[in-house]
Amino acid sequence: MIEFGILSFGAYVPVTRLQRSAIHATNGWFAGGLRGLAKGEKAVANWDEDSVTMAVEAARDALEGIDRTTIERVAIASTTLPFADRQNAGIVKEALNLPDAVGALDVAGSQRAATSALLAALGGNETTLVTAAEITTPKPASEREMTSGDAAAAVLVGTGTPIATFVASHSITMDFVDHFREAGKAHDYDWEARWVRDEGFARIMNPAIAALLEKAGVEGAAIDHFVVPVAVKGVPEMLAKKAGIGEGAVADTLGANLGHAGAAHALVMLAATLEKAKPGERILLASFGQGCDLILLEVTGAIGSVKPRLGVSGWLARRIESSNYAKYLFHRGLLQLDRGMRAEHDSKTALTALWRNRKAVLGLVGGRCTKTGTVQFPKSEVSVNANDHAVGTQEDYPLAEVPAKILTWTADALTYSPDPPSYYGNIDFVGGGRMMTEFTDFAGDALDVGADLRMMFRIKAYDENRGFRRYFWKAAPAF
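Residues numbered from 1 in each chain as written. Predicted model: local features only at pLDDT ≥ 70, side-chain atom pairs only at ≥ 80, totals over all residues. Heavy atoms only, no water.

**Comments concerning the overall build of the chain**
A count of helices and strands for the chain gives 12 helices and 23 strands. Taken against the 2.2 N^0.38 rule, which gives 23 Å for 479 residues, the C-alpha radius of gyration of the chain at 23 Å falls within 12% of a compact globule. C-alpha extents for the chain along the principal axes are approximately 75 × 60 × 35 Å. For the chain, with 479 residues in total, the buried portion stands at 54%. When contacts within the chain are restricted to residue pairs at least 6 apart in sequence, those whose partners lie at least 24 apart make up 73%. With the model as given, the accessible surface of the chain reaches about 21,100 Å², and the carbon-plus-sulfur share is 52%. Put simply, the chain has 49 plus and 56 minus side-chain charges, and the middle of one group is 2 Å from the middle of the other. (Helix = DSSP H or I, 4+ residues; strand = E, 2+ residues; numbered from the N terminus. Rg over C-alpha atoms; globule rule 2.2 N^0.38 Å. Buried < 20%, exposed > 50% of the residue type's maximum accessible area, 1.4 Å probe, protein only. Contact = heavy atoms within 4.5 Å. Areas by Shrake-Rupley, 256 points an atom, 1.4 Å probe, with all protein chains shown as cover. Lys, Arg positive; Asp, Glu negative; His and termini not counted. Charge placed at Lys NZ, Arg CZ, Asp CG, Glu CD.)

**Examining the sheet that holds strand β16 (residues 375-376)**
Spatial ordering of the open sheet is given by β16-β15-β17, a layout of three strands whose pairing is antiparallel. Two strands in the sheet have a free side with no partner beyond their single neighbour: β16 and β17 (394-398). Direction of pairing for strand β15 (residues 365-369) relative to β17: antiparallel, over a ladder of five bridges. Bridge assignment links Val365 to a residue of β17, and that residue is Pro398. (Pairing = 2+ DSSP bridges.)

**Topic: the pattern of salt bridges**
Per the counting criterion, the structure on display carries 37 salt bridges. Between Arg60 and Glu401 there is a salt bridge whose closest N-O contact spans 2.8 Å. Here the residue Arg60 occupies a position in helix α2 (residues 51-62), and Glu401 occupies one in the loop between β17 and β18 (404-406), the gap between them amounting to 341 residues. Take Arg60: its relative accessible area is 2%, and that puts it in the buried class. Glu401 gets classed as partly exposed once you look at its relative accessible area, which sits at 39%. The salt bridge involving Arg358 is made with Asp100; its shortest N-O contact spans 3.1 Å. Of this pair, Arg358 sits in helix α12 (residues 358-363) while Asp100 is found in the loop between α3 (88-95) and β5 (103-107), placing the two residues 258 residues apart along the sequence. A single salt-bridge network, built from bridges that share partners, covers Asp48, Glu49, Arg318, Glu438, Asp441, Arg458, Lys460 and Lys474. (Salt bridge = Lys/Arg side-chain N within 4 Å of Asp/Glu carboxyl O.)

**So, the pairing of strand β3 (residues 41-44)**
The alternating pattern of β3 places Glu41 and Ala43 and Lys42 and Val44 on opposite faces, both of which are buried. With four bridges connecting them, strand β2 (residues 16-19) and β3 associate as antiparallel partners. Bridge pairing links Thr16 to Val44 in β3.

**Describing the environment of Ala404**
For Ala404, the position within the fold is in strand β18. Put simply, Ala404 and Ile6 are 398 residues apart on the chain and 32 Å apart in space, counted from C-alpha to C-alpha. When residues no more than four places from it in sequence are discounted, the contact partners of Ala404 are Ile427, Asp428, Phe429, Val430, Ala451, Asp452 and Leu453.

**Section: the packing of aromatic side chains**
Enumeration according to the criterion identifies 16 aromatic pairs in this entry. An angle of 50 degrees between the planes, with centres 6.5 Å apart, marks the rings of Trp47 and Tyr462 as tilted. Of the two residues, Trp47 sits in the loop between β3 and α2 while Tyr462 sits in strand β22 (residues 452-463), which places them 415 residues apart along the sequence. Residues Phe457 and Tyr471 carry aromatic rings whose centres are separated by 5.2 Å and whose planes lie at 15 degrees to one another, so their mutual orientation is stacked. Here Tyr471 lies in strand β23 (residues 468-477) and Phe457 lies in strand β22, a separation of 14 residues in the sequence. A single burial state applies to Phe457 and to Tyr471, both of which are buried. Chaining the aromatic ring pairs together yields one cluster made of Phe176, Trp195, Phe201 and Phe288. The residue whose ring lies beneath Arg86 is Phe83, and the NZ or CZ to ring-centre distance is 4.8 Å. (Phe/Tyr/Trp six-rings, centres within 6.5 Å; stacked < 30°, edge-to-face > 60°. Lys NZ or Arg CZ within 6 Å of the ring centre and 35° of its normal.)

**Some details on the domain arrangement of the chain**
Domains assigned within the chain are domain 1 (3-332) and domain 2 (349-364 + 399-477). The gap between the C-alpha centroids of domain 1 and domain 2 is 28 Å. Across the boundary between the two partners, domain 1 contributes 27 residues, which contact 25 residues of domain 2. When domain 1 packs against domain 2, close to 2,500 Å² is buried across both sides, 50% of that on carbon and sulfur atoms. For the domain 1 face of the interface with domain 2, the top three residues by lost area are Trp47, Asp48 and Arg60, together amounting to 26%. Scanning the region where domain 1 abuts domain 2 turns up 11 salt bridges. (Domains from an automatic or database assignment. Buried area = accessible area lost by both parts, 1.4 Å probe.)

**Focus: α2**
Each α-helix turn comprises 3.6 residues. Residues three or four places apart therefore point the same way. Over its 12 residues, α2 runs 16 Å from end to end, which matches the ideal 16 Å to within 8%, given 1.5 Å per residue. Most of α2 sits out of view: 12 of its 12 residues are buried. Listing the buried residues of α2 in full gives Ser51, Val52, Thr53, Met54, Ala55, Val56, Glu57, Ala58, Ala59, Arg60, Asp61 and Ala62. Among the residues of α2, the N-terminal cap falls to Asp50, whose side-chain oxygen and the backbone nitrogen of Val52 are separated by 2.9 Å. (Expected span 1.5 Å × (residues − 1). Polar contact = N/O pair within 3.5 Å; in protein donor to acceptor, adjacent residues only side chain to side chain.)

Here it is, written out as structure tokens:
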């Protein structure tokens with residue numbers, strides 16, 4: 001039995017679902033031709049999320065019940081990574097509280113970034129956590145704004161009891177430019193859709209798919225799941241028909257209730273497919289971007305033995321509907337509002353302190369007294385136990401995966417927040433430990449004393465003067 005392959009998978013979809021009808025209600029006077037796309041909803045990240053925080057959540061989803069000390073390498077694939085010169089995968093590693101003896105890799109620059117990272121992992125011999133995330137900022141009133149969405153996914157590849165094994169792959173590389181975005185720019189520039197469909201998808205992907213099937217010795221009709229992360233309607237069906245793949249094998253692109261998550265969408269759709277795949281089925285994953293990556297996988301009898309915490313279906317079920325298009329534009333920096341004097345404070349991060357406290361800040365690692373068992377955050381040399389201030393007895397105590405409850409909370413409309421009011425308060429961790437934190441992803445009046453919580457890795461603040469974002473953990477509704 002092959003013991004190397006995909007060991008687990010997970011995903012993440014932000015909780016907010018912006019209604020496309022709300023976008024068109026604002027922009028329809030100018031771009032009336034987009035009416036046909038004004039159906040359904042798209043997943044949009046909160047102001048305190050980016051590709052790194054979403055990758056962390058997808059990884060946590062994939063690592064449910066997995067021993068994290070077995071991971072030897074972490075990769076993040078995205079074209080919207082927050083840092084151009086700071087290893088983004090390194091932040092993911094710290095947030096997951098992985099051992100320092102772990103390799104890290106950022107993969108970017110193409111819509112094929114995620115499949116390229118997955119191919120590298122499948123071709124190696126290390127236990128690799130491949131994450132992919134995308135948070136797009138399309139131009140208002142563009143077709144891309146209507147079809148895009150924010151999401152992330154993660155796949156753990158390594159030796160063990162795989163749920164899917166690698167069969168064959170085929171890659172084509174050619175500088176076919178269907179769209180582009182220069183470094184430092186916010187928006188993609190898209191070329192004419194019909195030309196991309198006929199000259200790109202048809203002439204590049206059709207022969208490549210045929211070459212893969214021939215290499216693997218598999219007929220098109222033997223493919224059970226055809227995963228094509230393309231937002232253009234009809235393209236997956238056109239490719240399937242040409243390859244002899246059954247129409248029923250074409251996977252749902254998730255366009256109706258999520259949108260196209262750019263470079264991450266290949267792994268998002270793969271995660272959704274693995275949720276329902278059965279032993280012996282074949283999955284063909286086809287990713288397009290300056291050529292294409294094709295990966296043929298076979299599902300093993302172990303499928304179902306390892307499940308994500310929520311998976312794509314679970315995250316899609318966790319949703320808050322929104323028609324506030326102006327709020328979305330403001331959070332993407334596309335609408336300038338008067339933020340007031342309270343927003344003018346300096347958010348400089350002391351990098352020396354961040355280094356010294358990286359386990360507490362990025363990994364939410366507190367302390368537990370080995371003498372009394374008292375849990376505290378932050379960890380210190382002196383125990384907070386009221387009857388025994390023991391010194392030098394603290395051991396690391398990770399709190400990120402520990403459930404908590406609201407002890408107190410405040411809604412502050414005076415402090416500046418991109419999403420007012422600012423909610424914060426004290427929480428108690430199950431089993432001990434108390435901390436003051438901010439709350440996120442709560443809808444309306446859902447915040448209440450005693451409510452169950454789950455910690456989530458988020459952006460704490462932006463330092464606009466120096467171009468630096470500070471991360472920390474916030475409390476969200478339990479799920």
